[in-house]
Amino acid sequence: MSLIEWANGLAFKAVHSKNLVYNTCWEDPRLDREALNINSDDSVLVITSAGCNALDYALLGPKNVYAVDLNLRQNALLELKLAAIRKFQYEDFFDMFGRGRLKNAGKVYHDVLRSVLSQNSQKYWDKWISLFDADNRRSFYFRGSSGAFAWAMNYYVDRVARLRPWVNEILEAKTTSEQREIYDNKLRDRFWTAPVRFIMNRDATLSLVGVPPAQRKQVETQYGGGLLKFLQDCLESVFARLPLHDNYFWRVYLTGAYSPDCCPEYLKPDNFQKFKEGLADRVRVSTDSVQGFLEKNDVQVSKFVLLDHMDWLSSHLFPALESEWQAIVNRAAPQSKVIWRSGGLSADFVDRARVTLAGRSTSVGELLAYDIELASRLHHQCRVHTYGSFYIADLAV
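Residues numbered from 1 in each chain as written. Predicted model: local features only at pLDDT ≥ 70, side-chain atom pairs only at ≥ 80, totals over all residues. Heavy atoms only, no water.

### What about the packing of helix H4 (residues 72-87) against helix H5 (residues 90-97)?
- At a closest axis distance of 10 Å, the pairing of H4 and H5 adopts a crossing angle of 160°. Regarding the angle of H4 to H5, the classification is roughly antiparallel. Relative to H5, H4 is oriented so that their crossing is right-handed. Along the contact surface, H4 presents Leu-77, Leu-80, Lys-81, Ala-84 and Ile-85, while H5 presents Phe-93, Met-96 and Phe-97.
- Grouping the constituent residues of the contact of H4 with H5 by class yields seven nonpolar, no polar and one charged. (Axes fitted to C-alpha atoms, helices over the stretch in contact; angles between N-to-C directions. Helix = DSSP H or I, 4+ residues; strand = E, 2+ residues; numbered from the N terminus. Parallel < 35°, antiparallel > 145°, perpendicular 65-115°, else oblique. Left-handed = near helix turned anticlockwise from the far one by under 90°. Contact = heavy atoms within 4.5 Å. Nonpolar A, V, L, I, M, F, W, Y, C, P; charged D, E, K, R; others polar.)

Written out as structure tokens, the structure reads:
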């Protein structure tokens with residue numbers, strides 16, 4: 001490992017060990033729903049992130065949704081959402097998590113929400129509930145490290161490049177052909193200036209949005225034109241090729257809020273009522289690694305949602321990747337499914353991991369049956385569009 005790689009890794013760890021990184025999930029659950037076909041017999045394990053997708057899966061009625069994350073701040077956010085579901089009426093819930101602001105947030109938290117949180121989550125929100133204050137200049141969705149990056153980019157859009165009228169115009173466009181015209185003629189060249197290209201190509205910037213050095217390296221080596229070309233192509237797909245009318249991922253980071261007709265499923269009134277009627281009780285939150293959770297809990301999991309975290313383990317932490325897969329194999333139900341994403345165009349390092357099954361050493365690749373066609377089709381429909389590849393596989397155990 002070079003000195004630069006060591007320093008970049010240290011910076012990434014510093015951001016992730018001390019901050020709420022994700023204030024919203026950055027994976028499209030519409031893809032996951034089709035890939036996993038979750039039903040009432042399933043138990044789902046998902047890395048928590050901001051908890052949006054754990055709640056989305058719960059709406060499909062599985063027996064359990066195990067939300068697991070090493071970052072206790074991410075779990076504190078999901079716990080806060082669950083507490084608000086149980087204690088709030090819908091209007092206040094949407095104010096808090098739809099608009100990212102709540103009137104008298106501190107008082108409401110102490111009087112209504114705090115008592116139903118775990119001790120770790122109480123400690124966190126005792127200090128940080130002000131992130132939701134209605135009087136703040138910035139909404140909650142411009143907070144945390146990824147939110148801070150979004151706020152900085154909006155400052156650039158509004159005050160430097162002065163692109164806000166065209167950003168608003170493209171968000172309200174009715175067709176992709178309208179989007180294409182706005183993007184090509186009014187946004188693309190004005191946004192991708194030399195300073196922006198420089199900033200977007202820095203490891204410090206990528207750390208803020210949760211991209212580790214190993215993931216950057218994968219993109220640089222596998223994508224023609226490197227990271228910057230990858231990012232430019234991603235934004236072109238989002239703004240000029242895919243419909244924006246229901247793209248709540250980009251709307252929230254461009255405006256600081258969701259709208260009632262463009263928001264995650266958990267924020268819709270009918271679904272809020274379903275959570276009230278008992279679905280929220282199916283979501284169980286644990287601060288641990290995937291491996292640690294599976295080794296400590298006697299559970300059987302049929303659907304695994306591993307996000308992109310295996311990219312982080314792909315190089316210098318490969319033994320940890322193998323240990324994690326051993327835990328997955330040990331706890332997987334018959335006919336289980338696994339999905340994950342990668343920043344690179346290929347995550348073949350997963351197949352090389354070795355585990356022991358029925359007393360025999362085998363590679364993970366021998367246990368996975370990939371649905372390449374479905375994964376490719378869904379990947380091209382992804383509203384986030386910042387990952388290099390998407391994987392869906394049946395796990396034979």
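The structure having been displayed, the exposition proceeds.
### Overview of the nonpolar core
- In terms of nonpolar packing, the biggest core is built from 133 residues, with Leu-80, Phe-97, Trp-125, Phe-132, Leu-294, Trp-325 and Trp-340 touching the most fellow members.
- In terms of residues, this core owes the most to one element, helix H14 (residues 226-241), which gives nine residues.
- The contacts of Trp-340, once residues within four sequence positions are left out, are Leu-306, Leu-307, Met-310, Trp-325, Ala-347, Val-350, Leu-368, Tyr-370, Phe-390 and Tyr-391. (Core = buried A, V, L, I, M, F, W, Y, C linked by side-chain atoms within 4.5 Å. Buried < 20%, exposed > 50% of the residue type's maximum accessible area, 1.4 Å probe, protein only.)

### Considering the packing of aromatic side chains
- Overall, the coordinates contain 28 aromatic pairs when judged by the stated rule.
- Its guanidinium or amino end placed over the ring of Trp-151, Arg-138 lies 4.8 Å from that ring's centre, counting from NZ or CZ.
- Seen from the ring of Trp-166, Arg-190 lies directly overhead, with NZ or CZ sitting 4.8 Å from the centre. (Phe/Tyr/Trp six-rings, centres within 6.5 Å; stacked < 30°, edge-to-face > 60°. Lys NZ or Arg CZ within 6 Å of the ring centre and 35° of its normal.)

### Quick look at the pairing of strand E4 (residues 301-305)
- The buried fraction of E4 amounts to five of the five residues, a majority that puts the element mostly inside the structure.
- Across three bridges, strand E1 (residues 43-47) lies against E4 in parallel orientation. Residue pairing for E4: Val-46 is matched across the bridge by Val-305.
- Pairing of E4 with strand E5 (residues 332-342) involves four bridges; the strand directions are parallel. Looking across to E5, one finds that Phe-304 is bridged to Val-338. (Pairing = 2+ DSSP bridges.)

### Here we look at the sheet that holds strand E2 (residues 64-69)
- Across the sheet, seven strands lie side by side as E3-E2-E1-E4-E5-E9-E8; this open sheet has mixed pairing. For this open sheet the edge positions go to strand E3 (283-287) and strand E8 (368-370), each flanked by a neighbour on one side alone. Ignoring which end each strand starts from, the neighbouring axes of this sheet average 20° apart.
- As paired elements, E5 and strand E9 (residues 389-395) share seven bridges and run antiparallel to each other. Paired with Lys-337 across the bridge in E9 is Asp-394.
- Contacts between helix H2 (residues 29-36) and the sheet are confined to E4, E5 and E9, with E5 contributing the most and set at about 150° to the helix.

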